[in-house]
Amino acid sequence: MSSFDISEERALIKAADRYISEKIEQHFSEKFAPKTLIICGSGLGGISTRVSETPKPLVLPYSSIPGFKVSTVPGHNGELIFGFMNDSPVVLMNGRLHSYEGHSLVETVHPIRSLHMLNSIETLIVTNAAGGINASFKTGDLMCVYDHINFPGLCGFHPLRGPNFDEYGPRFLATSDAYDLELRKLLFAKQKELKIERTIHEGTYAFVHGPTFESRAESRFLRMAGADAVGMSTVPEVVTARHCGWKVLALSLITNECVVDPPASVRDEKPVPIQEGKATHAEVLENSAKASKDVQDLIYAIVAEL
């Protein structure tokens, strides 16, 4: 695995910052300094509908921004949206980038490093669609992430691999405090305040590379390792945001329950159909849509406090 050219990446970050800053200055009549970055997970792009139309939001397609790669996954529009949500200045990544699309991890977190150059963002709220590993998690539940397992990172596939961006953060970053306790308390306070009945757990998110959904044996292994949910994103963004010094709140929507039972044996008298419980991306999008309003309401209430 080759390293990257940090000088080239720094140049792309500066070019992206210049482009974004110019567009913001041209679009907004008054100084606009977003305090929160919200990353919309699969099927959760509806969060963008909660951005106020007054003043009109600024929308920048990834394809127009230096160094930004284009999202290729259904449910990910691939655009930055700058505007106000509940009177708070925010920027949304309406669709994220995944390494399984062929992007390097440096490319997938390039938007975060570029937006950090605005010198105003302090908090990342990141959402994702995830498979339930914990046996008590049901489709449609939410999970507030309080820890993660970075399986690709443990094998050297890490967003901070290579020369360190010393201007952002330390060479050796602690991740034991990655998920801010006060933000997690705020999430549950808002759930109570809004009387949202959807179950919200706290748990550990396992990041795997994808794009295949987990095999039965892999799901059992993840459960044994301490994972409560599994997905193909989020952790690189969280690690990079923490490297920038931001606080992080992460919310997973459980869109399917991972199959952990061994497959049917040829010796079984009444084998369970092997395709039963098989995950699909269509299922992910369908269940994301069903829970989208609760996620939107929670985030809308939270940003007003940031």
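Values in this document were obtained by computation on a predicted structure and should not be read as measured data. (Residues numbered from 1 in each chain as written. Predicted model: local features only at pLDDT ≥ 70, side-chain atom pairs only at ≥ 80, totals over all residues. Heavy atoms only, no water.)

1. Description of the nonpolar core
Right, on to step 1. Ranked by size, the top nonpolar core spans 48 residues in total, and within it I20, L37, L80, F82 and L115 carry the most contacts.
Right, on to step 2. One finds V90, L249, L251 and L253 within the second-largest nonpolar core, a separate group that totals 26 residues. (Core = buried A, V, L, I, M, F, W, Y, C linked by side-chain atoms within 4.5 Å. Buried < 20%, exposed > 50% of the residue type's maximum accessible area, 1.4 Å probe, protein only.)

2. Some words on unusual backbone geometry
Right, on to step 1. Backbone torsion omega between T54 and P55 reads -5°, so that peptide bond is classified as cis.
Right, on to step 2. Residue placement: P55 occurs in the loop between β1 (36–40) and β2 (58–61).
Right, on to step 3. Following G210, the chain continues into P211 via a peptide bond in cis, with omega recorded as 10°.
Right, on to step 4. By secondary structure assignment, the location of P211 is in the loop between β7 (200–207) and α6 (216–225).
Right, on to step 5. Of note in the backbone geometry, N86 takes a positive phi value of approximately 55° without being a glycine.
Right, on to step 6. Among the secondary structure elements, N86 is positioned in the loop between β3 (79–85) and β4 (88–94).
Right, on to step 7. Phi is positive for K195, which is not a glycine, with a value near 60°.
Right, on to step 8. With respect to the helices, strands and loops of the structure, K195 is situated in the loop between α5 (181–194) and β7. (Helix = DSSP H or I, 4+ residues; strand = E, 2+ residues; numbered from the N terminus.)

3. What about the packing of aromatic side chains?
Right, on to step 1. Under the definition given, this model contains 7 aromatic pairs.
Right, on to step 2. Plain terms: the ring middles of F151 and F221 are 5.8 Å apart, the flat faces sit at 50° to each other, and that makes the pair tilted. Linking F151 in helix α4 (residues 151–154) with F221 in helix α6, this pair joins segments that are 70 residues apart in sequence.
Right, on to step 3. Ring pairs connect the aromatic residues F28, F32, F82 and F84, which therefore count as one cluster.
Right, on to step 4. One residue, R50, lies across the ring of Y300, its end atom 4.7 Å from the ring centre. (Phe/Tyr/Trp six-rings, centres within 6.5 Å; stacked < 30°, edge-to-face > 60°. Lys NZ or Arg CZ within 6 Å of the ring centre and 35° of its normal.)

4. Structural notes on α5
Right, on to step 1. Along its 14 residues, α5 runs 20 Å from first to last C-alpha, staying within 8% of the 20 Å computed at 1.5 Å per residue.
Right, on to step 2. Burial in α5 covers these residues: L183, R184, L186, L187, K190 and Q191. For α5, the angular spread of the buried residues around the axis is 155°, confining them to a single face. Structural note: α5 exposes E182, K192 and E193 on the side pointing more than 90 degrees away from its buried face.
Right, on to step 3. The backbone nitrogen of E182 lies 3.1 Å from a side-chain oxygen of the residue at the head of α5, namely D180. (Expected span 1.5 Å × (residues − 1). Arc of directions from axis to C-beta. Polar contact = N/O pair within 3.5 Å; in protein donor to acceptor, adjacent residues only side chain to side chain.)

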